[in-house]
Amino acid sequence: GNLYWTDTGTDRIEVTRLNGTSRKILISENLDEPRAIVLNPVMGYMYWTDWGESPKIECAYLDGSERRVLVNTSLGWPNGLALDLEKDKLYWGDAKTDKIEVSNRGIPGCILRKQVLFSCAALCLGYIYSFFE
């Protein structure tokens, strides 16, 4: 198996085998503050958040190719992601807007609609660790 991670210090997305070998930088350009990352191993995609100057949610194949921006409007600090493979939905939390949002499609290039699931005041930080409908 592989381990994928974002590195805000170096502004990169990397991968390595679980035994630590074959470490590789997948994406290192046009990343400002990469945060959360989730994988769709069935479709071979990774999704990540970037909460830099131009916040966005992006995706690419697991090898870093075919990179695409999925969401780049109405975002503040997107820093949590969850993928529901069964229902084909992508969820994210936003620590600046205090919202949890969802797209009705988690497949790259196919986000048809997003909606706010939950909005809260100062008590909510917007971090998603696990989310189940």
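Here the structure is a predicted model, which means the values were calculated and not measured.

What about the side chain of Asp-50?
- You can see Asp-50 is positioned in strand S5 (residues 45-50).
- Here the side chain of Asp-50 touches Asp-32 through a polar contact of 2.9 Å, landing on its backbone nitrogen.

Re the sheet that holds strand S1 (residues 2-7)
- Spatially, three strands are ordered S1-S2-S3 in an open sheet, and the strand pairing comes out antiparallel. Here the strands that pair on one side only, and so sit at the sheet edges, are S1 and strand S3 (24-27). Neighbour-to-neighbour, the strand axes of the sheet open up by a mean angle of 30°, direction not taken into account.
- In the sheet, strand S2 (residues 12-17) pairs with S3 via three bridges, with the strands oriented antiparallel. Counterpart to Glu-14 in the pairing with S3 is Ile-25.

Digging into the pattern of salt bridges
- Under the definition given, this model contains four salt bridges.
- Among the salt bridges present, the one from Arg-12 reaches Glu-14, with a minimum N-O distance of 3.2 Å.
- The residue Glu-14 makes a salt bridge to Arg-23 at a minimum N-O spacing of 2.7 Å.
- Relative accessible area serves as the criterion here: at 1%, Glu-14 is assigned to the buried category.

Focus: the pairing of strand S9 (residues 89-94)
- The buried fraction of S9 is high, at five of six residues.
- Relative to S9, strand S8 (residues 78-84) runs antiparallel, the two sharing six bridges. Pairing of Pro-78 across the sheet is with Asp-94, part of S9.
- Counted between consecutive antiparallel strands, the loop separating S8 from S9 contains four residues, among which Asp-88 sits at a positive phi close to 60°.
- Where S9 lies against strand S10 (residues 99-103), five bridges are found, and the strand directions are antiparallel.

Reading guide: rules and limits
Residues numbered from 1 in each chain as written. Predicted model: local features only at pLDDT ≥ 70, side-chain atom pairs only at ≥ 80, totals over all residues. Heavy atoms only, no water. Helix = DSSP H or I, 4+ residues; strand = E, 2+ residues; numbered from the N terminus. Polar contact = N/O pair within 3.5 Å; in protein donor to acceptor, adjacent residues only side chain to side chain. Pairing = 2+ DSSP bridges. Axes fitted to C-alpha atoms, helices over the stretch in contact; angles between N-to-C directions. Salt bridge = Lys/Arg side-chain N within 4 Å of Asp/Glu carboxyl O. Buried < 20%, exposed > 50% of the residue type's maximum accessible area, 1.4 Å probe, protein only.

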